[in-house]
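# Commentary on secondary and tertiary structure
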Amino acid sequence: MIKRILLVDDSPIIHRLLRKTLESNGYEVCGDAKNGREGVEMYKSLKPDLVFMDITMPIMDGLEAAKLIKELDPQARIIMLSAMGDDEIVGQAKELGIDIFLKKPFDDYKIISAISKVI
Amino acid sequence: MDIDLYQIFGTSTKNIIKEMLDLDIKGMDSLKEEPGEIHSMGVSSIITFAGTRKGRLLIDMEPGLALYVANTLLGEEYDNIKNQMVLSTVSEINNIVSGDAVTQLNNSYSMRLRLAPPIVFTGQDVIISIPKISSLSSWGDTDYGRIRINIAWEGGNS
């Protein structure tokens, strides 16, 4: 069964690059959210197998969105993909139960390796 | 510490452009004070950050370089710097450069900086006026055009 992945990032470039990587490796991108709030709403309706979540976004940031998703579904699988990656942010993500924290930029290997560890 | 607050952005710019595009930036080794007005070379993106101090990074590219960056990253053939995907690409480059530099500053100096989403605009010789904050610029050259970074911190350069 094809794994369904939700992308949450305010950059259309990241959506396009991730979609290309994921679809060429047999995954389905089931939704594209532009901020954390959209990400939470789409998680509720789409029930994806995995979420790729940016941190710096307008309206609601990725850490807040991940916290809300984890409250809705403690089993939610989330990979953080952010330009930021300092010790404090990585620590906050760990406390939320984030599966993997990846720092941008990324390549196909980095993305696919991370997914294979999570789902 | 203070010179690190500026130089680290030049290092991050060179490293990120090399990693994402396999493109070398020549120069970008020295910093020069800018007056209150900056004349855009083509496509400019600004990101602000705030923590124990406030600052911002402006990345400015000549049109040829902005198009090369977008076309190489996305595998497309854009020919207009006003295309939304070209502008978004320059924004994302700024986001990744700023994130890399700010991450290092936070880990080294506990500055607790957080980024705001980037803004981007286009137009050659557009004047970017940022009064009251002195800033330092650094220029680099690539095979596809010039790039400038401009860094400002509230509280000045010293």
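Structure's up top.
Each value, and the rule that gives it
- Residues numbered from 1 in each chain as written.
- Chains lettered and ligands numbered in written order.
- Predicted model: local features only at pLDDT ≥ 70, side-chain atom pairs only at ≥ 80, totals over all residues.
- Heavy atoms only, no water.
- Contact = heavy atoms within 4.5 Å.
- Salt bridge = Lys/Arg side-chain N within 4 Å of Asp/Glu carboxyl O.
- Polar contact = N/O pair within 3.5 Å; in protein donor to acceptor, adjacent residues only side chain to side chain.
- Helix = DSSP H or I, 4+ residues; strand = E, 2+ residues; numbered from the N terminus.
- Nonpolar A, V, L, I, M, F, W, Y, C, P; charged D, E, K, R; others polar.
- Buried < 20%, exposed > 50% of the residue type's maximum accessible area, 1.4 Å probe, protein only.
- Arc of directions from axis to C-beta.
- Axes fitted to C-alpha atoms, helices over the stretch in contact; angles between N-to-C directions.
- Parallel < 35°, antiparallel > 145°, perpendicular 65-115°, else oblique.

Taken together, the contact between chain A and chain B spans 20 residues of the former and 25 residues of the latter. Between the two partners, chain A and chain B, sit six salt bridges. Two residues, A:Lys103 and B:Asp100, come together in a salt bridge whose shortest N-O distance is 3.1 Å. Joining chain A to chain B, the criterion identifies 10 residue pairs in polar contact (both at pLDDT 80 or more). Of all the elements in the fold, those that place two or more residues in the side of chain A that touches chain B are helix 1 (12–23) and helix 4 (87–95) of chain A. Per-element tally for the side of chain A that touches chain B: the top contributor is helix 1 of chain A, with five residues. Residues belonging to the side of chain A that touches chain B are distributed by class as follows: 10 nonpolar, three polar and seven charged.

With that settled, the discussion passes to helix 3 (residues 62–72) of chain A. Residue and element names in this part refer to chain A. Taken residue by residue, helix 3 has Gly 62, Leu 63, Ala 65, Ala 66, Ile 69 and Lys 70 as its buried positions. Angularly, the buried residues of helix 3 cover 160° about the axis, an arc narrow enough to put them on a single face. Buried-residue contacts for helix 3 involve helix 2 (36–46), strand 3 (50–53), strand 4 (78–82) and helix 4.

Two elements in contact, helix 1 of chain A and helix 3 (residues 84–109) of chain B, have axes whose closest approach is 8 Å; the angle formed by their N-to-C orientations is 95°. Here helix 1 of chain A is positioned roughly perpendicular relative to helix 3 of chain B, judged by the angle of their axes. On helix 3 of chain B, the residues touching A:Pro12, A:Ile13, A:Ile14 and A:Arg16 of helix 1 of chain A are B:Met85, B:Ser88, B:Thr89 and B:Glu92.

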